[in-house]
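Chain residues, written in single-letter form:
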Amino acid sequence: MKWGIRWYGAKDHIPINHIRQIPGVDGVVGPLLGKMLGDLWTLEKIKALKDSVESSGLELLGIESVAVADAIKAGTEDRDRCIKNYKQTIRNLSSCGIHLICYSFKPIFGWAKTTLFYKNPDTSYSLVYDDKVVQSLKPQDMYELIKSQSKGFEMSGWEEKWLAKIDELLEIYKGFTREKLFDNLAYFLKEVIPVCEECDVKMAIHPDEPPYEIFGLPRITKNLEDLKRIIEVVDSPYNGITLCTGSIGSNPDNDVVQIIKEVGHRVHFVHFRNVEFLGERKFRESAHMSKDGAFDMYKIMEALVDVSFDGIIRPDHGRTIWDEECMPGYGLYDRALGICYAQGLYEAITKSKGIQK
Ligand SMILES: [Mn+2]
């Protein structure tokens, strides 16, 4: 098991040596910047990112994300060109020694929150989702809502260039069904997983955020049943899951521990975080520890140990604390607290089971 932190490369406000100073961190997971969906990631660009990480003494543990083009998700005529680029990107990542790809298969909105700086009673700030607010908006308004609160930080998945095309995208997905989206995911996986097997690159699909449908767009990564269906459609260890506890768990019907028990053998990547429910389909991203949110993080870590999870784990979104000027959710301080807490749980659990001396 390796411990990581998400890092946004050169545009991240956090210097990489500050990440290195967090105890027990093996490396980072990061994106390649300046790429449009469907583009090929060249060896040269991947190598430059890898060198920038390794020169700090850390490892580049995986890529988050190699985003899947809407042509693939919607199955338009440009799909095969985009898949060809995706396959070559897998080969290029592999030849640079990178063996994990996190991706998602959600139409248009990768994630959604309605408040980026919700003031907690302790004066820290959290991201909040409130379905009532979403229901009162048009999809086009979501972009303005996020942008108006992001304090100038470009939020991943809400880039201006891409969202300028939102009307066009909504048109592509008009009348789209879950079945159609699933068929397109199956088509994609049948194409790329054989390349992953050849190159030893694990694919790890990220659950829906939130794990229910918004703006009438279909969602197919929202619960245990969906995850089982995905891993079965191409039955290969390379066809795996990113277990984002905060995403999948933000529907209280989803039991994260049960999910790990049933599909943990295909979990290659863990996003470790907690949420507190504030009402029906309304929640706040809390501090990582059990005490601050709805999940029993001890039981989640124990379930991971019990399925012999040996992939990459990172703390997911943190609160904004100690007046840090940061991209909401991606500050250094609270994620550093989160990873230390997660490592404490892991040490205690593995030692108590006689796994770690
Ligand atoms: Mn996540």
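In the block above lies the structure referred to throughout.
Description of the structure in this document. (Residues numbered from 1 in each chain as written. Predicted model: local features only at pLDDT ≥ 70, side-chain atom pairs only at ≥ 80, totals over all residues. Heavy atoms only, no water.)

Bringing the overall build of the protein into the picture now. Across its full length, the protein carries 14 helices and 12 strands. Within the protein, the proportion of its 357 residues that are buried is 57%. Taking the intrachain contacts of the protein between residues at least 6 apart in sequence as the baseline, contacts between residues at least 24 apart amount to 73%. Here the protein has roughly 15,000 Å² of accessible surface; of this, 49% comes from carbon and sulfur atoms. Averaging the coordinates of the 46 positive side-chain charges in the protein and doing the same for the 53 negative ones gives two points 1 Å apart. (Helix = DSSP H or I, 4+ residues; strand = E, 2+ residues; numbered from the N terminus. Buried < 20%, exposed > 50% of the residue type's maximum accessible area, 1.4 Å probe, protein only. Contact = heavy atoms within 4.5 Å. Areas by Shrake-Rupley, 256 points an atom, 1.4 Å probe, with all protein chains shown as cover. Lys, Arg positive; Asp, Glu negative; His and termini not counted. Charge placed at Lys NZ, Arg CZ, Asp CG, Glu CD.)

Let us now look at the coordination of the manganese ion. Around the manganese ion, the protein contributes the donor atoms His206 (NE2), Cys244 (SG), His271 (ND1) and Asp316 (OD), which lie 2.3 to 2.6 Å from the metal centre. Between consecutive donor residues of the manganese ion, the sequence gaps follow H-x37-C-x26-H-x44-D. Note that Cys244 is positioned in strand β8 (residues 239–244) and His271 in strand β9 (residues 267–272), a separation of 27 residues in sequence. For the pair Cys244 and His271, one class covers both residues: buried. (Donors = N, O, S within 2.8 Å, 3.2 Å for Na, K, Ca; no water.)

What follows deals with the nonpolar core. The biggest cluster of nonpolar side chains holds 108 residues, and the ones touching the most others in it are Tyr86, Tyr103, Phe105 and Phe188. Looking at this core, the element that brings in the most residues is helix α9 (residues 178–199), giving 10 residues. Residues within four places of Phe105 in sequence aside, it is in contact with Val68, Ile72, Lys73, Leu181, Asn184, Leu185, Phe188, Ile205 and Ile220. Residues Val29, Leu61, Ala204 and Ile312 belong to the second largest nonpolar core, which totals 7 residues. (Core = buried A, V, L, I, M, F, W, Y, C linked by side-chain atoms within 4.5 Å.)

Another aspect to go through is the pattern of salt bridges. Tallying each qualifying case throughout the model produces 26 salt bridges. The closest approach of N and O atoms between Glu54 and Lys50, which form a salt bridge, is 2.9 Å. With Glu54 and Lys50 both in helix α2 (residues 43–54) and 4 residues apart, this pair spans about one turn of that helix. For Glu54, a relative accessible area of 38% puts it in the partly exposed group. Between Asp226 and Lys222 there is a salt bridge, with its nearest N and O atoms 2.9 Å apart. When salt bridges with common partners are traced through the structure, they connect Arg6, Glu64, Lys113, Glu209, Arg273, Glu285, Arg314 and Asp316 into a single cluster. (Salt bridge = Lys/Arg side-chain N within 4 Å of Asp/Glu carboxyl O.)

Further remarks concern the sheet that holds strand β2 (residues 27–30). The 8 strands lie next to each other as β1-β2-β3-β4-β7-β8-β9-β12, forming a closed barrel whose pairing is parallel. On average, each strand axis in the sheet is tilted by 30 degrees relative to the strand beside it, whichever way the strands run. Pairing geometry for strand β7 (residues 202–205) and β8, over 3 bridges, is parallel. Within β8, the residue paired with Ile205 across the bridge is Ile241. On top of the sheet, α2 reaches β2 and β3 (59–64); it is set at about 135 degrees to β3, its chief contact. (Pairing = 2+ DSSP bridges. Axes fitted to C-alpha atoms, helices over the stretch in contact; angles between N-to-C directions.)

Our focus in this paragraph is unusual backbone geometry. Cis rather than trans, the peptide bond between Glu64 and Ser65 has omega equal to 0 degrees. By the element assignment, Ser65 lies in the loop between β3 and α3 (70–74). Here Glu209 and Pro210 are connected by a cis peptide whose omega angle stands at 0 degrees. Examined against the element boundaries, Pro210 turns out to sit in the loop between β7 and α10 (224–233). With phi around 55 degrees, Ser308 is a residue other than glycine that occupies positive phi space. Note on placement: Ser308 falls in the loop between α13 (297–306) and β12 (312–315).

Here we take up a nonpolar patch on the surface. Judged by side-chain polarity, Trp322, Tyr333 and Leu337 come together as a nonpolar surface patch covering roughly 340 Å² of accessible area. Here Trp322 lies in the loop between β12 and α14 (332–352). Residue Trp322 is classed as exposed on the basis of its relative accessible area of 59%. (Patch = residues over 30% accessible without salt bridge, like charges linked within 9 Å, V, L, I, M, F, W, Y side chains within 5 Å.)

Okay, the packing of aromatic side chains next. Tallied over the full model, the rule gives 11 aromatic pairs. Ring geometry for Tyr86 versus Phe188: centroids 5.0 Å apart, planes at 90 degrees, classification edge-to-face. Residue Tyr86 is found in helix α4 (residues 79–95), and its partner Phe188 is found in helix α9; the two are separated by 102 residues along the sequence. Assigned by exposure class, Tyr86 and Phe188 land together as buried. Lying across the ring of Tyr187, Arg79 places its NZ or CZ 3.6 Å from the centre. Lying over the aromatic face of Phe182, Arg229 brings its terminal NZ or CZ to 3.7 Å of the ring centre. (Phe/Tyr/Trp six-rings, centres within 6.5 Å; stacked < 30°, edge-to-face > 60°. Lys NZ or Arg CZ within 6 Å of the ring centre and 35° of its normal.)

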